[in-house]
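Listed below are the residues making up each chain.
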Amino acid sequence: MSRIYLTILSLAICFLLPPAAFSSEPVRPKTRAQNFIEENIAEEPLRSGLVGVLAVKMNGDTIAESGSLRKLLPASNTKLITTGLALRSLGPDYRFATTIAYSGHVSGGTLHGDLYILGGGDPTIASGDPGTPPADTLFSQWKAMMDKAGIRRVDGCVIGDGRHFDGPIEKDSWSYSDLGTYYGAGCDGLSFNRNILYVNVSAAPAVGLPVNASVSYPVLPWMEFRMDCVTAPAGTGDNLYLYNTDLAPVCELRGTFAVDRTPKREECSYKFGALACATYFTDYLRCSGLDVTGGAADVDSRGMVRTAESLMKKTWPSDRQEKAADGVVADGSCEGGLRPIGTTYSPAVASIARTTNSRSDNFYAETLLRELSLLRTGSASYDSCAVTVLRELDSLGTDSSYGIRMVDGSGLARHNYISPDFFCRFLASMYNDDAFPSFLQSVSRPGEPGMRSCLAGSPASVKSRIHMKSGSMNGVLCYSGYILPSSGDRDGTIVFSIMTNNCTGPVQKIRDFVYEFILLAAGEN
């Protein structure tokens, strides 16, 4: 990178600061961090890969730089941008709403119509995460709303409505093999257990025999499960993948599972979160003595009601062939719409953002981005999401005209390209934003969840000053974040991003290189 560019970058960061932050000091000699980078990128496994590095103090001093304008695959570092924009634009106290409503009318304790669970994008329903109620506790709240409305019987269906988000539930550029994994779960307006499906698997006694596999949770009686997986020779590992789509309630487990592997629980994805939620709530109501004559149902992409019974009988589309009710009314008759009877809310976005970054949760990240896009543009489609990101970045003061191409919220797509320079500009902008305290708390420190083994053995006094997010996928390892100054001097805060792509050597060797660089950079403030 030219010295002219470094001057421009320094001025860009300093522009965000008061005049006192500008420095007139002469050019400093190379830092230890800079020397370390230059020595290591000249050797394998980094030499034949792609490496981009930038570490800059908030006062404009460059700590280290190499290839920082390269747009590289960021993997889960993308979540820093998603959570930052969500905290800034939705607000840390924003909550997703789930509304219970009904069509038809109530007389003599019977609802002559359908009960609707109107999803508002809450990704935490039955997730088991801290701060979220267990499914039965949430269901008891929904039933209490029914009791208050005088509904003691439903002569119709419980319909899970996940149409809050428009467009496909997954980004079309996600890898086909990722779609059935827990980290490839599609994001819709009404989910259940983060749309994750647990499948217990174990090897057969001999190579070539079918793998023992069974679904443990959630139990989806209307889903057809097919198993096309065999036990493989010892040492070949776990190569099982679940393939499914939201177009039909069918999934198939394919691949191999080594004969020497111990039994395990595979975490896969399924695409019918709204119907799963309706199914479990229907079961809860029936166990509570409240009859639901029509059973569980959801709404398909055409807006048609689709019953669980029709799926089990393989008569889908449902013989009901009726359009789902659309819209709610708050008073009097519910003709042409739905009458709401109550609403529950998710944990605050501050909590969701923290979980998103610490667990690197793709499902939560996609939800945050799509909700932001829906509020800004009226659409949660991924095309609208891409536009929303650029507009929000420009509003933040981070020039989006160079250094970024972001097509999803999680970084799962291999069509995201972001430069270390852009990450540093974004982090510097967030540092000066009112949402920064919440954003910093969402980004883990070494030793915390998501970073348990990071910088192990390093002094606690150093690790406590570092907040960063990792990102990894095949051939990709990235870390970006903040190094707070030991003196408490605000201008001494370092924003950094170190990104490696196509480095196919031992992952631990690359990780050790990254960790050493971060420690050296931390020695500069």
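Reading the values: the criteria
Here the residue numbers are simple positions, counted from 1 along each chain's written sequence. With the structure being a predicted model, the display of local features is reserved for residues of pLDDT at least 70 and the display and counting of side-chain atom pairs for 80 or more, all residues being used for whole-chain, interface and lining totals. Side-chain numbers here rest on the full set of heavy atoms in the structure, without hydrogens or water. A run of DSSP states H or I qualifies as a helix once it reaches four residues; a run of E qualifies as a strand once it reaches two. Both are numbered from the N-terminal end. Our radius of gyration is a C-alpha quantity, and the globule rule it is checked against amounts to 2.2 Å times the number of residues to the power 0.38. Any residue under 20% of the maximum accessible area for its type is buried, any over 50% is exposed, and the rest in between are partly exposed; the area is computed with a 1.4 Å probe on protein chains only. Pairs of residues are marked as contacts when any of their non-hydrogen atoms sit within 4.5 Å. The positive count covers Lys and Arg only, the negative count covers Asp and Glu only, and His and the chain ends enter neither. We put the charge of a Lys on NZ, of an Arg on CZ, of an Asp on CG and of a Glu on CD. Think of a 1 Å grid over just the protein atoms. A cavity is a set of points where a 1.4 Å probe fits yet cannot get out, a pocket is an open set with protein on both sides within 12 Å along at least five of seven lines, and lining residues have an atom within 4 Å of a point. Grid points are joined across faces, edges and corners, and a volume is the space filled by probe spheres set on the points. Lys, Arg, Asp and Glu make up the charged group, whereas Ala, Val, Leu, Ile, Met, Phe, Trp, Tyr, Cys and Pro make up the nonpolar group; the residues left over, Gly among them, are polar. Residue-level confidence of the predictor is summarised by pLDDT, bounded by 0 at the bottom and 100 at the top. What qualifies as a polar contact is a pair of N or O atoms within 3.5 Å, subject to a donor-acceptor requirement within protein and to the restriction that residues adjacent in sequence count only when both atoms come from side chains. For a helix, the expected span equals 1.5 Å multiplied by the number of residues minus one. Any two strands are treated as partners once DSSP identifies two or more bridges connecting them. Any carboxyl oxygen of Asp or Glu within 4 Å of a side-chain nitrogen of Lys or Arg constitutes a salt bridge here. Lines fitted to C-alpha atoms define the axes here, with helix axes fitted over just the stretch in contact, and angles between the N-to-C directions of these axes take values from 0 to 180 degrees. In summary, the pairing rule links any two rings of Phe, Tyr or Trp, Trp by its six-membered ring, whose centres are within 6.5 Å, and it sorts them by plane angle into stacked for under 30 degrees, edge-to-face for over 60 and tilted for everything else. Two conditions define a charge sitting above a ring: the NZ of Lys or the CZ of Arg must be within 6 Å of the ring centre, and it must be within 35 degrees of the ring normal. In what follows, a disulfide is any cysteine sulfur pair within 2.5 Å. Angular relationships are summarised with four words: roughly parallel below 35 degrees, roughly antiparallel beyond 145, roughly perpendicular across 65 to 115, and oblique for the angles in between. Rotating anticlockwise by less than a right angle from the far helix to the near helix defines a left-handed crossing, while the corresponding clockwise rotation defines a right-handed one. Nonpolar cores were defined as sets of buried Ala, Val, Leu, Ile, Met, Phe, Trp, Tyr and Cys residues, with membership established by side-chain atoms within 4.5 Å.

**Observations concerning the overall build of the protein**
Line of reasoning, step 1. Along its length, the protein carries 13 helices and 23 strands.
Line of reasoning, step 2. Relative to the 2.2 N^0.38 estimate, which gives 24 Å for 525 residues, the radius of gyration of the protein is 26 Å and therefore close to what a compact globule would have.
Line of reasoning, step 3. Across its three principal axes, the protein shows a C-alpha extent of roughly 85 × 65 × 35 Å.
Line of reasoning, step 4. In the protein, which comprises 525 residues, the share counted as buried stands at 57%.
Line of reasoning, step 5. Considering only contacts in the protein between residues 6 or more positions apart, those separated by 24 or more positions represent 70%.
Line of reasoning, step 6. Averaging the coordinates of the 48 positive side-chain charges in the protein and doing the same for the 55 negative ones gives two points 2 Å apart.

**Topic: the layout of surface pockets**
Line of reasoning, step 1. There is about 650 Å³ of room inside the second largest pocket.
Line of reasoning, step 2. Taken together, the elements giving at least two residues each to the lining of the second largest pocket come down to α7 (349–359), α8 (362–377), β21 (466–473) and α13 (507–522).
Line of reasoning, step 3. Per-element accounting of the lining of the second largest pocket gives the leading share, five residues, to β21.
Line of reasoning, step 4. Of the residues assigned to the lining of the second largest pocket, the class counts are 12 nonpolar, 14 polar and nine charged.

**Looking at the confidence of the model for the protein**
Line of reasoning, step 1. Looking at the protein, pLDDT values average 91 and 92% of them are 70 or higher.
Line of reasoning, step 2. Low pLDDT, under 50, characterises residues 1–8; the predicted model gives this stretch nine contacts beyond four residues in sequence or across chains.
Line of reasoning, step 3. Confidence drops under a pLDDT of 50 for residues 14–24, and excluding neighbours within four residues, the segment shows 16 contacts in the predicted structure.

**Observations concerning the side chain of N59**
Line of reasoning, step 1. Relative to the assigned elements, N59 resides in the loop between β1 (50–57) and β2 (62–66).
Line of reasoning, step 2. Residue classification places N59 among the buried residues on the basis of a relative accessible area of 16%.
Line of reasoning, step 3. Side-chain polar atoms of N59 contact the backbone nitrogen of D61, separated by 3.0 Å.

**Some details on empty space enclosed by the protein**
Taking a probe equal in size to a water molecule and rolling it over the atoms shows the remaining empty space.
Line of reasoning, step 1. Per the stated rule, a full pass over the model turns up one cavity of 30 Å³ or more.
Line of reasoning, step 2. The calculated volume of the largest cavity comes to roughly 40 Å³.
Line of reasoning, step 3. Lining the largest cavity are T124, D129, P130, T132, P347, S351, I352, T355 and Y364.
Line of reasoning, step 4. It is α7 that provides the largest number of residues to the lining of the largest cavity, a total of three residues.

**Remarks on helix α10 (residues 420–431)**
Line of reasoning, step 1. If you check α10, its first and last C-alpha atoms are 16 Å apart, about what 12 residues at 1.5 Å a residue would give, namely 16 Å.
Line of reasoning, step 2. Considered for burial, the residues of α10 that qualify are P420, D421, F422, F423, C424, R425, F426, L427, A428, S429, M430 and Y431.

**Some details on the sheet that holds strand β4 (residues 105–107)**
Line of reasoning, step 1. In spatial order, the strands read β4-β5-β7-β15; together these four strands make up an open sheet with mixed pairing. If you trace the sheet from one side to the other, it starts and ends with β4 and β15 (291–292), each paired once.
Line of reasoning, step 2. In this sheet, strand β7 (residues 153–154) lies alongside strand β5 (residues 110–112) in parallel orientation, the contact comprising two bridges. Residue pairing in the sheet places T110 in a bridge with R153 of β7.

**Things to note about the pattern of salt bridges**
Line of reasoning, step 1. The full count for this structure, using the stated rule, is 22 salt bridges.
Line of reasoning, step 2. Between K143 and D147 there is a salt bridge whose closest N-O contact spans 3.2 Å. In this pair, K143 and D147 both sit in helix α4 (residues 135–148), four residues apart, roughly one turn of the helix.
Line of reasoning, step 3. Note on K143: relative accessible area 16%, which makes it buried.
Line of reasoning, step 4. By relative accessible area, D147 is classed as partly exposed at 42%.
Line of reasoning, step 5. Here D298 ties to R306 by a salt bridge, and the two come within 2.8 Å at their closest N and O atoms. With respect to class, D298 is no different from R306; both count as buried.
Line of reasoning, step 6. It is possible to trace a salt-bridge network through shared partners that takes in D129, R194, R359 and D361.

**Re the sheet that holds β1**
Line of reasoning, step 1. Across the sheet, which stays open at both edges, the five strands sit in the order β2-β1-β23-β22-β21 with antiparallel pairing between neighbours. The open sheet terminates on both sides in strands that have one partner only, identified here as β2 and β21. Across the sheet, the mean angle separating the axes of adjacent strands is 10° when strand polarity is ignored.
Line of reasoning, step 2. Across eight bridges, the pairing between β21 and strand β22 (residues 476–483) is antiparallel. Paired with G471 across the strands is C478, a residue of β22.

**Things to note about the packing of aromatic side chains**
Line of reasoning, step 1. As enumerated under the stated definition, the model contains 20 aromatic pairs in all.
Line of reasoning, step 2. One aromatic cluster is present, built from ring pairs that chain together F426, Y431, F436, F439 and Y482.
Line of reasoning, step 3. We note R265 situated over the ring of Y198; from NZ or CZ to the ring centre the distance is 3.7 Å.
Line of reasoning, step 4. Against the face of Y402 rests R425, its NZ or CZ located 3.9 Å from the ring centre.

**Observations regarding the state of the cysteines**
Line of reasoning, step 1. Across all of its chains, the model carries zero disulfides by this definition.
Line of reasoning, step 2. We note that C268 lacks a disulfide partner, and the nearest cysteine sulfur, in C251, lies 8.2 Å from it.
Line of reasoning, step 3. For the unlinked cysteine C454, the closest cysteine sulfur is that of C478, found at 14 Å.

**Considerations on α7**
Line of reasoning, step 1. Listed as buried for α7 are V349, I352, A353, T355, T356, N357 and S358.
Line of reasoning, step 2. On its buried face, α7 is in contact with α3 (78–89), α8, α11 (436–442) and β21.
Line of reasoning, step 3. Positive backbone phi, at 55°, marks S360, one or two positions downstream of α7.

**A few points about the packing of α7 against α8**
Line of reasoning, step 1. Two elements in contact, α7 and α8, have axes separated by 8 Å at closest approach and are oriented at 135°. Comparing their axes, α8 and α7 come out oblique. As for how α7 packs across α8, the hand of that crossing is left-handed. Contacts between α7 and α8 involve V349, I352, A353, T355, T356 and R359 from the first element and Y364, A365 and L368 from the second.
Line of reasoning, step 2. Per-class residue counts for the contact of α7 with α8 are six nonpolar, two polar and one charged.

**Notes on the nonpolar core**
Line of reasoning, step 1. In this structure, I81, L85, L393, F426, F439 and Y482 are the most contacted members of the largest nonpolar core, which totals 57 residues.
Line of reasoning, step 2. With eight residues, α10 is the single largest residue contributor to this core.
Line of reasoning, step 3. Residues in contact with F439, not counting those within four places in the same chain, are L80, T83, G84, L87, F426, L427, M430 and Y482.

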